[in-house]
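# Descriptive analysis of the structure
Take a look at the letters that make up each chain.
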Amino acid sequence: MTYVTEHREVLLAAAAGTAGVAGSYLVTGWSPSFVVRPVDQAIVNLTPGPIVTVAIETVGDAGHLIHVAMAFAAVVGLFGAIALAGLRLSAHADRPLVGAAAAGAGTWLLAAGLTGLSTQALGAALSAAVVVGIGGLPASSPAPDSASGDDAPVPEGPTGAVDAVRRRTLGVVVGALGFVVATVVGRRSIGADDEALADAPRSEGAAARLGELEAASLAVESDDLHGMVSPIGEFYNVDIAEFDPRVAATEWSLTFTGETDGDRTVDFDELIDRPVEHRAVTLRCVGEDLNGRKLDNAVWTGTPIRPLLESVDPQGDCNCAMLRGEDGYYVQFPVDVLAEGFLAWGMNGTELPPSHGHPVRVLIPGHWGETNVKWLSEIELLNVEEDGYWEERGWEGTGEVKTVAKLWDEGITERGDGRIELAGHAYAGTRGIERVEVSTDGGDSWTDAALSDSLPDADVWHQWRHVFDPDGTHEVVVRAVDGEGTRQIRESTDPSPTGSAGWVRRTVG
Ligand SMILES: Nc1nc2c(c(=O)[nH]1)N[C@H]1C(S)=C(S)[C@@H](COP(=O)(O)O)O[C@H]1N2
Ligand SMILES: [Mo]
């Protein structure tokens with residue numbers, strides 16, 4: 001076999017592998033049925049904890065990109081290897097359809113084996129088979145030696161056959177890439193699930209609460225800064241896996257296990273039949289930077305956990321519970337903390353979106369984001385404390401949130417009258433916010449900012465606003481005082497392991 005032929009086959013095989021992945025995506029979208037997902041999950045599960053921790057500390061959210069890219073490369077490589085075998089078979093048998101059929105069957109077996117979904121696997125199989133079929137056709141050029149097949153040595157110098165083969169290879173590769181682009185664009189135009197849900201009919205009770213929050217909000221100049229409520233789609237996300245589990249409400253249930261007076265399972269209909277509340281609850285991730293953006297607030301529809309918990313009569317010696325989600329996530333904290341919690345199935349008046357835990361998630365007042373388990377499936381009452389997913393990786397993020405006042409870029413606006421408006425959010429969990437203090441001279445003098453009205457909700461942020469006359473550049477510092485009169489910690493610390501501390505400082509003007 002000559003260099004040219006081998007090179008050509010590898011290129012075609014790579015195109016077929018890529019088309020196979022695109023074909024799967026076309027059928028499934030970015031969902032757990034997508035063929036890349038099980039491979040990504042395997043990579044995440046097999047990566048040792050210390051490496052995960054180092055990755056989070058050094059590359060942060062880019063860590064997701066790295067393991068997803070590795071998973072893509074692995075699947076393209078596997079599909080490509082099957083396609084290469086198909087192309088060789090075509091050349092050997094001198095029958096392009098034989099190789100195409102073999103590559104299609106092999107790709108289907110692998111895709112079905114990875115995902116467990118035989119029908120969806122046809123998307124990958126057909127796409128790869130078409131590329132192998134067209135790519136394996138003999139050259140249609142009149143040159144006589146083209147009939148001897150791809151394995152024949154290609155004569156020196158440009159001949160009609162070589163040119164024809166090159167042209168077709170290029171055509172097939174470009175065609176496969178076009179298919180990939182069309183698939184991605186086509187799928188995107190269908191829109192993300194979360195956006196589609198945002199148009200769903202609103203619950204009246206939640207709508208009333210959203211109105212109440214709107215009324216309590218502070219008027220600010222910036223259109224880009226969130227008000228009291230973060231819109232769905234802009235609410236931050238933190239997940240251990242790249243692909244959200246898809247759990248239908250009809251298939252969902254929550255089971256209480258472990259140290260109880262007997263296992264108890266609650267299904268979705270039973271859950272939403274319980275007393276309904278619409279609570280404003282703010283979430284903040286322990287892993288975010290001091291002035292980071294993993295802080296958001298929504299109105300959630302759900303039911304209190306306490307009565308359910310009491311009905312199973314928890315008896316464990318540690319008075320602690322392990323909560324588990326459908327994505328394999330788990331976190332452990334005290335039963336007393338859990339009892340204050342809420343089981344939510346609605347967000348901002350619509351169904352809970354897939355990315356926020358559809359159909360049911362936990363909301364724990366005043367504790368770091370990681371306690372708020374999404375896609376909740378099990379609550380196990382324990383006898384001894386065990387580490388949760390993030391605790392195993394060195395974090396201590398199940399406790400109460402630290403107090404913070406944020407000043408994001410979009411909160412800094414120059415008004416028409418030349419004055420500068422500073423605006424942001426402050427959050428201290430269930431301690432609440434008493435005031436936010438702003439300095440425009442690096443901390444020499446302080447002024448109280450205007451605050452949004454207080455709400456009856458136990459665990460909700462406040463908006464703050466301060467307007468001043470600029471005079472050159474200003475070193476702005478903001479700090480909050482919580483509802484117990486304790487000022488935000490001044491000394492700055494990294495997010496790991498217990499959450500970032502310090503005062504947000506910005507140069508303005
Ligand atoms: N099942 C499950 N629940 C989870 C997580 C997860 O990865 N899986 N991440 C946790 C973390 S670290 C945070 S900060 C919040 C974020 O919730 P959000 O994505 O709805 O903003 O969910 C928590 N609950
Ligand atoms: Mo988090």
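Note that the structure is a prediction, hence the values are computed from the model and not measured.

### A short note on the overall build of the chain
A count of helical and extended segments in the chain gives 12 helices and 19 strands. Along the first, second and third principal axes, the C-alpha atoms of the chain reach 90 × 70 × 45 Å. Looking at the chain as a whole, 50% of its 509 residues qualify as buried. Partitioning the contacts of the chain with sequence separation of at least 6, the portion at a separation of at least 24 is 75%. For the chain, the computed accessible surface area is about 22400 Å², with 55% contributed by carbon and sulfur atoms. Of note, the chain has its 35 positive side-chain charges centred 5 Å away from the centre of its 75 negative side-chain charges.

### Comments concerning the site of ligand 1
Neighbouring residues of ligand 1: 19 residues in total, closest Tyr 236, Asp 327, His 356, Arg 361 and Lys 374. A distance of 2.5 Å separates an oxygen atom of ligand 1 from a polar side-chain atom of Lys 374. Contact with the protein chains hides 99% of the accessible area of ligand 1, taken as 530 Å² for the molecule alone. Taken together, the residues that form the shell around ligand 1 break down as 10 nonpolar, 4 polar and 5 charged.

### Quick look at the domain arrangement of the chain
For the chain, the domain assignment lists domain 1 (2-186), domain 2 (202-393) and domain 3 (404-508). A separation of 41 Å is found between the C-alpha centroids of domain 1 and domain 2. Listed by partner, the interface residues are 16 residues for domain 1 and 13 residues for domain 2. Between domain 1 and domain 2, roughly 1200 Å² of surface is buried when both sides are summed, and carbon and sulfur atoms account for 58% of that area.

### Here's the deal with the pattern of salt bridges
It is possible for side chains bearing opposite charge to pair when their charged atoms get close. Here the structure, examined in full by the defined rule, presents 24 salt bridges. Arg 393 is paired through a salt bridge with Glu 392; the nearest N and O atoms lie 3.6 Å apart. Assessed through its relative accessible area of 13%, Arg 393 is described here as buried. Classification of Glu 392 by relative accessible area gives partly exposed; the value is 47%. Between Arg 505 and Glu 475 there is a salt bridge whose closest N-O contact spans 3.7 Å. Residue Arg 505 is located in strand S19 (residues 504-508), and its partner Glu 475 is located in strand S18 (residues 474-482); the two are separated by 30 residues in the primary sequence. Under the relative-accessibility criterion, Glu 475 is labelled partly exposed at 32%. Linked by salt bridges that have partners in common, Glu 434, Arg 435, Glu 437, Asp 448, Arg 479 and Arg 487 make up one network.

### Section: helix H6 (residues 121-135)
For H6, with 15 residues, the first-to-last C-alpha span of 21 Å sits near the 21 Å given by 1.5 Å per residue. Of all 15 residues in H6, 11 are buried, a share of seventy percent or more.

### Here we look at the sheet that holds strand S14 (residues 433-439)
Reading across from one edge, S15-S14-S18-S19 is the order of the 4 strands in this open sheet, with antiparallel pairing throughout. Among the strands making up the open sheet, the edge pair consists of strand S15 (447-448) and S19. The pairing of S14 with S18 spans 6 bridges and is antiparallel. Looking across to S18, one finds that Arg 435 is bridged to Val 481.

### Things to note about unusual backbone geometry
Across the junction of His 358 and Pro 359, the peptide omega takes the value 5 degrees, indicating a cis bond. Cis geometry marks the peptide bond from Ser 496 to Pro 497, where omega comes out at 0 degrees. Position of Pro 497 among the secondary structure elements: in the loop between S18 and S19. For Asp 94, which is not glycine, the phi torsion reads 60 degrees and is therefore positive. The exposure class of Asp 94 is partly exposed, given its relative accessible area of 44%. Even without a glycine there, the phi angle at Asn 348 is positive, about 45 degrees. Relative to the helices and strands, Asn 348 is located in the loop between strand S7 (342-347) and strand S8 (350-351).

Reading guide: rules and limits
- Residues numbered from 1 in each chain as written.
- Chains lettered and ligands numbered in written order.
- Predicted model: local features only at pLDDT ≥ 70, side-chain atom pairs only at ≥ 80, totals over all residues.
- Heavy atoms only, no water.
- Helix = DSSP H or I, 4+ residues; strand = E, 2+ residues; numbered from the N terminus.
- Buried < 20%, exposed > 50% of the residue type's maximum accessible area, 1.4 Å probe, protein only.
- Contact = heavy atoms within 4.5 Å.
- Areas by Shrake-Rupley, 256 points an atom, 1.4 Å probe, with all protein chains shown as cover.
- Lys, Arg positive; Asp, Glu negative; His and termini not counted.
- Charge placed at Lys NZ, Arg CZ, Asp CG, Glu CD.
- Near = heavy atom within 4 Å.
- Polar contact = N/O pair within 3.5 Å; in protein donor to acceptor, adjacent residues only side chain to side chain.
- Nonpolar A, V, L, I, M, F, W, Y, C, P; charged D, E, K, R; others polar.
- Domains from an automatic or database assignment.
- Buried area = accessible area lost by both parts, 1.4 Å probe.
- Salt bridge = Lys/Arg side-chain N within 4 Å of Asp/Glu carboxyl O.
- Expected span 1.5 Å × (residues − 1).
- Pairing = 2+ DSSP bridges.

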